[in-house]
Amino acid sequence: MQETKKKTKKPSSFYRRQDRWGLLMMTPWLIGVVFFFLKPLVEVCIYSFNDITLDTTGVQQSWVGGSNYVYVLRTHATFYQELITTFAKALPNTVLIIFFSLFAAVLLNGKFKFRGAARVLFFLPIVLATDLISVELAGVAVEGLESGSEAAGSMTGAMMVVQFLIEGVGLPMDLISTLLGVITNVFETIKLSGVQILIFLAGLQSISPSMYEVAKMEGATGYETFWKVTLPTVSPLILTNVIYTITDNLMRTSIIETIRQTGFGNAQYGYSAAMSVSFLFCTLVVVGVVSAILGKVVFYND
């Protein structure tokens, strides 16, 4: 009996206080989820099965079952294609952003002179003025296109590069198109990587220096140290950043404008609600599958 009592010992007061403080800190988030997420989510789900009209008395609902979903997924001119294209573009962009974010964080975490100034110069454009930089870059591109000779030279140079990759290197056209797309979107990638870099940088700074000292004493190279120490330690943050990046990319796609225009532009609220629920369901499925796959390789250091 005494051994049983020892095994079922109650948690100490320290852990109870820790749990209470954790719940207290989560209270604003819980309130926001209940009143600003769950309530609208339930309403949208209900609207998606109804024909919605607005009049002087308020919102009028007429039950239509799943006909709204049949329309948006099979009859609507563009929604199904946009849904497929959105996820087809979001996943490769996520991989690119994660690779770049981790690479930039490792560089910024290195020990070199004026490291603080370098971090400030790197993050200021990303965090504070990304839209302004995008406008400026777009303006430069427009000015370049307006000048005929420069535009012709640029196009000639681009065609020479493409021709070299096809004939000289022998790369397939699909791969060349992918590479050109990555190069074209480099500024967009940098702009969308700010939060991820900060998360990775915080994780890298939390790694104990003793782990690197042990690896150095064992004769590990920098390459081996990265794969055996750094990457496993920050792997939970990779999962966090992947989920964040997927959702952030999905919120920036044209399908959001399609849903908004259908509801508030064309007053087809039932169709718009069905589009929203379909998009949400697909997002949850993709995030769930990605989380399950990455969860198997995540290393949690207890």
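One can find the structure itself at the top, above this paragraph.
Reading the values: the criteria
Residues numbered from 1 in each chain as written. Predicted model: local features only at pLDDT ≥ 70, side-chain atom pairs only at ≥ 80, totals over all residues. Heavy atoms only, no water. Helix = DSSP H or I, 4+ residues; strand = E, 2+ residues; numbered from the N terminus. Buried < 20%, exposed > 50% of the residue type's maximum accessible area, 1.4 Å probe, protein only. Axes fitted to C-alpha atoms, helices over the stretch in contact; angles between N-to-C directions. Parallel < 35°, antiparallel > 145°, perpendicular 65-115°, else oblique. Left-handed = near helix turned anticlockwise from the far one by under 90°. Contact = heavy atoms within 4.5 Å. Nonpolar A, V, L, I, M, F, W, Y, C, P; charged D, E, K, R; others polar. Patch = residues over 30% accessible without salt bridge, like charges linked within 9 Å, V, L, I, M, F, W, Y side chains within 5 Å. Areas by Shrake-Rupley, 256 points an atom, 1.4 Å probe, with all protein chains shown as cover. Salt bridge = Lys/Arg side-chain N within 4 Å of Asp/Glu carboxyl O. Pairing = 2+ DSSP bridges. 1 Å grid on protein atoms, 1.4 Å probe; cavity = no way out; pocket = protein on both sides within 12 Å on 5 of 7 lines; lining within 4 Å. Points joined across faces, edges and corners; volume = space filled by probe spheres on them.

A. How the structure looks around the overall build of the protein chain. Helix and strand counts for the protein chain come out as 14 helices and two strands. Taken over 302 residues, the protein chain has a buried fraction of 25%.

B. Broad picture of the packing of helix α11 (residues 209-217) against helix α12 (residues 222-250). Between α11 and α12, the least distance of the axes is 10 Å, while the angle of their chain directions is 160°. Judged on the interaxial angle alone, α12 and α11 are roughly antiparallel. Seen from above, α11 lies across α12 with right-handed handedness. Across the interface between the two elements, M211, Y212 and A215 from α11 touch T225, V229, T230 and T233 from α12. Within the contact of α11 with α12, the residues separate by chemical class into four nonpolar, three polar and no charged.

C. Inspection of a nonpolar patch on the surface at higher detail. On the surface, I31, V34, F35, F36, F37 and L38 cluster together into a nonpolar patch covering about 630 Å² of accessible area. Within the fold, F35 resides in helix α2 (residues 13-47). For F35, a relative accessible area of 53% puts it in the exposed group.

D. Structural view of the side chain of T258. Residue position: T258 is located in helix α13 (residues 254-265). T258 gets classed as buried once you look at its relative accessible area, which sits at 15%. Sequence-distant contacts of T258, that is, excluding residues within four places in its chain, are made with H76, E82 and M275.

E. Just the pairing of strand β2 (residues 58-63), in detail. With six bridges joining them, strand β1 (residues 50-55) and β2 adopt antiparallel strand pairing. Within β2, the position partnered with L54 by the bridge is V59.

F. Quick look at the layout of surface pockets. There is about 690 Å³ of room inside the largest pocket. Here the element with the most residues in the lining of the largest pocket is helix α14 (residues 269-295); it accounts for ten residues. Of the residues assigned to the lining of the largest pocket, the class counts are 17 nonpolar, four polar and one charged.

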